[in-house]
Amino acid sequence: MISVPIKLLHEAESHVVTIEIKSGEMFRGYLMEAEDTMNVRLDDVKMTGKDGKVTHLDQLYLRGSQIKFIIVPDMLKNSPMFKKIKNQTKAAKQTNIAKGKIKGPQASASRGKQIVASVNL
């Protein structure tokens, strides 16, 4: 199964992204192709070196293991993928409650600590 960050990377294809690699260089260009290993191909790339020097490249291929982070467009937060994941999470919770796997805060209160986590999708 493909993880959420990889799905988001695929959703960003054909959009402008910014990528920083481990050596400190930054690349901004159109994400033309992304693999599940995070190997990416960018077109019309503006490369900014560690020294601030800007260079233009027609195409660039980056190995996923060298990528530190990727900035994707804000518009992807409204992607249908997140609605699907939210619905799947909700369905899984309901299934676990129905099967008795989740007993609520009363069950964990008798053991001492209660850990609460929330995720906004």
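Residues numbered from 1 in each chain as written. Predicted model: local features only at pLDDT ≥ 70, side-chain atom pairs only at ≥ 80, totals over all residues. Heavy atoms only, no water.

Caption draft 1: Spatial organisation of the pairing of strand S2 (residues 26–34). In this sheet, S2 lies alongside strand S1 (residues 16–21) in antiparallel orientation, the contact comprising 5 bridges. In the sheet register, Thr18 faces S2, and the bridge partner there is Arg28. Sheet analysis places S2 next to strand S3 (residues 40–48), joined by 7 bridges and oriented antiparallel. Bridged to Met26 within S3 is Thr48. Linking two consecutive strands that pair antiparallel, namely S2 and S3, is a turn of 5 residues; a positive phi of about 70° is found at Met38 within it. (Pairing = 2+ DSSP bridges. Helix = DSSP H or I, 4+ residues; strand = E, 2+ residues; numbered from the N terminus.)

Caption draft 2: Spatial organisation of the pattern of salt bridges. Here the structure, examined in full by the defined rule, presents 3 salt bridges. One salt bridge in this structure joins Lys68 and Glu20, with 3.3 Å as the shortest N-O distance. Of the two residues, Lys68 is situated in strand S5 (residues 67–71) and Glu20 in strand S1; the sequence distance between them amounts to 48 residues. Arg41 serves as the salt-bridge partner of Glu33, at 3.8 Å between the closest nitrogen and oxygen. Of the residues examined, Glu33 reaches a relative accessible area of 38% and is grouped as partly exposed. Each of Glu33, Arg41 and Asp43 takes part in one network of salt bridges that share partners. (Salt bridge = Lys/Arg side-chain N within 4 Å of Asp/Glu carboxyl O. Buried < 20%, exposed > 50% of the residue type's maximum accessible area, 1.4 Å probe, protein only.)

Caption draft 3: Here's a closer look at the sheet that holds S2. Spatially, 5 strands are ordered S4-S3-S2-S1-S5 in an open sheet, and the strand pairing comes out antiparallel. Every interior strand has two partners, whereas the edge strands, strand S4 (54–62) and S5, have only one. Taking each pair of neighbouring strands and ignoring which way they run, the sheet shows an average axis angle of 30°. As paired strands, S3 and S4 are joined by 8 bridges and run antiparallel to one another. Bridge pairing links Thr48 to Val54 in S4. (Axes fitted to C-alpha atoms, helices over the stretch in contact; angles between N-to-C directions.)

Caption draft 4: Looking closely at the nonpolar core. Counting 15 residues, the largest nonpolar core has Ile19, Phe27, Leu31, Val40, Leu42 and Leu62 as the members making the most contacts within it. Broken down by secondary-structure element, the contributors of at least two residues to this core are S1, S2, S3 and S4. Not counting chain neighbours up to four residues away, the residues in contact with Leu42 comprise Val17, Ile19, Phe27, Gly29, Tyr30, Leu31, Asp58, Gln59 and Leu60. (Core = buried A, V, L, I, M, F, W, Y, C linked by side-chain atoms within 4.5 Å. Contact = heavy atoms within 4.5 Å.)

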